[in-house]
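One letter stands for each residue in the lines below.
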Amino acid sequence: MSNFSSKQLLQKALEARRNAYAPYSGYLVGACLLGKDGQLFTGCNIENAAFGPSVCAERCAIFKAVSEGCRNFTAIAIVGGPKDTPEEDLAPAYPCGVCRQVMAEFCEPDFQIYCGTPEHPERYTLGELLPKSFGL
Ligand code: THU
């Protein structure tokens, strides 16, 4: 049921990136989150003129999932880069610190994080990208 490859998840993140609303930074990000039950939740960054209310693609996807009752996750794929860079030339984009902390709220250290592009995937775990995370 939840047999998605890194390539498939990165492809869905790339497609979600096309919905990014980033008129201030010009940096577009898409994410695709895989639930343990096989559900997929996509997200994109959504900026705001007041800057503070902006949200990253990863948190967009996670908050969509949690708000729909899904709290257990296997993996997230992230694709980001400047709006003028052709999709096939995008360099890997890594999740910001705030998004890593939000992942840590819901995910175990073995949660998979796929970066890069469908053709050039990179794979990390949350434990690698956020060691010794804060928690209560
Ligand atoms: N951004 C994300 O969507 N995810 C990240 O992990 C890092 C940054 C967004 C926020 C902002 O809209 C733009 O990329 C530039 O920082």
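Treat the numbers as computed from the prediction; the structure is a model and nothing was measured.

Calculation criteria
- Residues numbered from 1 in each chain as written.
- Predicted model: local features only at pLDDT ≥ 70, side-chain atom pairs only at ≥ 80, totals over all residues.
- Heavy atoms only, no water.
- Phe/Tyr/Trp six-rings, centres within 6.5 Å; stacked < 30°, edge-to-face > 60°.
- Helix = DSSP H or I, 4+ residues; strand = E, 2+ residues; numbered from the N terminus.
- Buried < 20%, exposed > 50% of the residue type's maximum accessible area, 1.4 Å probe, protein only.
- Core = buried A, V, L, I, M, F, W, Y, C linked by side-chain atoms within 4.5 Å.
- Contact = heavy atoms within 4.5 Å.

Whenever I open this one, the packing of aromatic side chains confuses me. Can you help?
Think of a pair of aromatic rings as described by two things: how far the centres are apart, and how the planes are tilted against each other in angle. One pass over the structure, following the stated rule, counts two aromatic pairs. Here the aromatic rings of Tyr-24 and Phe-51 are separated by 5.8 Å at their centres, their planes lie at 50 degrees, and the arrangement is tilted. Of this pair, Tyr-24 sits in the loop between α1 (6-17) and β1 (27-35) while Phe-51 sits in the loop between β2 (40-44) and α2 (57-67), and the two are 27 residues apart along the sequence. Judged by centre distance (5.9 Å) and plane angle (80 degrees), the ring pair of Tyr-94 and Tyr-124 falls under edge-to-face. Pair noted here: Tyr-94 is in the loop between β3 (73-82) and α3 (97-106) and Tyr-124 is in strand β5 (residues 121-125), with a separation of 30 residues, a long-range link. By relative accessible area, which is 42% here, Tyr-94 ends up partly exposed. Exposure remark for Tyr-124: the relative accessible area of 23% places this residue in the partly exposed category.

Looking at this structure, I do not really get the nonpolar core. What am I missing?
The tendency in soluble globular proteins is for nonpolar side chains to be buried side by side. By size, the foremost hydrophobic cluster in this structure holds 21 residues, and its most contacted members are Leu-33, Phe-73, Ile-76, Met-103, Phe-111 and Ile-113. When residues of this core are assigned to their parent elements, the largest contribution, four residues, is made by α2. Among all residues touching Phe-73, those that are not within four sequence positions of it are Leu-33, Leu-34, Gly-35, Lys-36, Ala-65, Val-66, Phe-106, Cys-107 and Phe-111. With 11 residues, the next largest nonpolar core counts Leu-34, Ala-75, Val-79 and Leu-90 among its residues.

The values reported here are purely geometric and, on their own, carry no functional implication.
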